[in-house]
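# Fold and geometry: a report
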Amino acid sequence: MVGTKPKDMVPSAAVKFFGAGTAACIADLVTFPLDTAKVRLQIQGEAVKTEGASTMKYRGVFGTITTMVRTEGPRSLYNGLVAGLQRQMSFASVRIGLYDSMKQFYTRGTESAGIITRLMAGCTTGAMAVAFAQPTDVVKVRFQAQVRLADGGRRYNGTLDAYRTIARDEGLRGLWKGCMPNITRNAIVNCAELVTYDMIKELILKYDLMTVNHTRLKKPVWHT
């Protein structure tokens, strides 16, 4: 029996797709309270004008989190989590998981990809991800922004109810509100993130900056 040399396995597009989405969901579970605090701070000025309040309810990130826990309970920090996970599974999967496939599409299957090709691939997957996942983003932000009413009720009773309510009251276009600014933002962000990562990884591999000493790890070959 002769030992065989292990081959480098290249992940398929499906593995990259679901791997990117799963990783993003795990990250979202950790950072979701910070995202909720960000949304509350962003809409606070509008809430003050609408409700006629004279003082700001939230001050700073940790002040916002503390206030929400005290007035609405700890669970309020995770309002919209289901929609947030749906967003990450659909958004990050396309944005990150399809980047290599899109890069190969622009290079027509060749291995060489210049900076322009990478930028095009990053812009494309960033824009595609937003166009596909925008309804989940709208519902997530609506849940994060809503405060429990005086009678204990809420505008949306659940994630699916939110999709239905928005589509019924505002039309299907309501689920894609803010889509164009979001596409522009994420196309730029995707280029900055993925293209930079892609080029740094290529340089690291090219100059053997982080290679494994296979001589030390080499297993003995047994003959029968």
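Residues numbered from 1 in each chain as written. Predicted model: local features only at pLDDT ≥ 70, side-chain atom pairs only at ≥ 80, totals over all residues. Heavy atoms only, no water.

An unreviewed UniProt entry annotates the protein as Uncoupling protein 3 originating from Seriola dumerili. What the UniProt record of the protein gives under Sequence similarities (unreviewed entry) is the line "Belongs to the mitochondrial carrier (TC 2.A.29) family." According to its UniProt record, the protein has this under Subcellular location (unreviewed entry): "Membrane". (UniProt positions renumbered as here; feature names shortened; annotations may be inferred.)

A word on the overall build of the protein. Within the protein, the secondary structure is distributed over 8 helices and 0 strands. In sequence order, the protein lays out its α and β elements as α-α-α-α-α-α-α-α. Classification of the 224 residues of the protein by burial places 35% in the buried group. Counting contacts in the protein only where the partners sit at least 6 residues apart, residues at least 24 apart contribute 73% of the total. (Helix = DSSP H or I, 4+ residues; strand = E, 2+ residues; numbered from the N terminus. Buried < 20%, exposed > 50% of the residue type's maximum accessible area, 1.4 Å probe, protein only. Contact = heavy atoms within 4.5 Å.)

Counting residues in hydrophobic clusters, the biggest one holds 9 residues: A83, V138, V139, F143, Y156, A162, Y163, I166 and L175. Those residues in contact with F143 that lie beyond four places of it in its chain are N79, G80, Y156, G158, T159 and A162. In this structure, A129, V130, A133 and C179 belong to the second largest nonpolar core, which totals 7 residues. (Core = buried A, V, L, I, M, F, W, Y, C linked by side-chain atoms within 4.5 Å.)

To continue, consider the packing of aromatic side chains. Under the defined criterion, the tally for this structure stands at 4 aromatic pairs. Between F105 and Y106, the ring centres sit 5.5 Å apart and the planes meet at 65 degrees, which makes this aromatic pair edge-to-face. Ring centres of F143 and Y156 lie 5.9 Å apart, and the angle between their planes is 55 degrees; this geometry places the pair in the tilted category. Linking F143 in helix α5 (residues 115–145) with Y156 in the loop between α5 and α6 (159–170), this pair joins segments that are 13 residues apart in sequence. Both residues of the pair, F143 and Y156, count as buried. (Phe/Tyr/Trp six-rings, centres within 6.5 Å; stacked < 30°, edge-to-face > 60°.)

Another point: the environment of M68. Along the chain, the position of M68 falls in helix α2 (residues 61–72). What makes M68 buried here is its relative accessible area of 0%. For the pair M68 and R40, spaced 28 residues apart in sequence, the C-alpha to C-alpha distance is 9.6 Å. When near neighbours in sequence (up to four residues on either side) are disregarded, M68 contacts T36, R40, Y58, G73, S76 and L77.

For the pair helix α4 (residues 99–107) and α5, the least separation of the axes is 9 Å and the interaxial angle reads 130 degrees. Judged by the angle between their axes, α4 and α5 are oblique. Along this stretch, α4 crosses α5, giving a crossing that reads as right-handed. Here Y99, M102, K103, Y106 and T107 of α4 lie close against α5, whose contacting residues are T117, R118, M120, A121, G122, T124, T125 and M128. (Axes fitted to C-alpha atoms, helices over the stretch in contact; angles between N-to-C directions. Parallel < 35°, antiparallel > 145°, perpendicular 65-115°, else oblique. Left-handed = near helix turned anticlockwise from the far one by under 90°.)

This part takes up a nonpolar patch on the surface. On the surface, I115, I116, L119, M120 and M199 cluster together into a nonpolar patch covering about 410 Å² of accessible area. Considering every element that reaches the nonpolar patch, the biggest residue donor is α5, with 4 residues. Mapped onto the elements of the fold, M199 is located in helix α7 (residues 179–206). (Patch = residues over 30% accessible without salt bridge, like charges linked within 9 Å, V, L, I, M, F, W, Y side chains within 5 Å. Areas by Shrake-Rupley, 256 points an atom, 1.4 Å probe, with all protein chains shown as cover. Salt bridge = Lys/Arg side-chain N within 4 Å of Asp/Glu carboxyl O.)

Among the secondary structure elements, Q86 is positioned in helix α3 (residues 81–95). Counting along the chain gives 49 residues from Q86 to P135, while the straight-line C-alpha distance between them is 9.8 Å. Beyond its immediate chain neighbours, meaning those up to four positions away, Q86 contacts T136, T159 and Y163.

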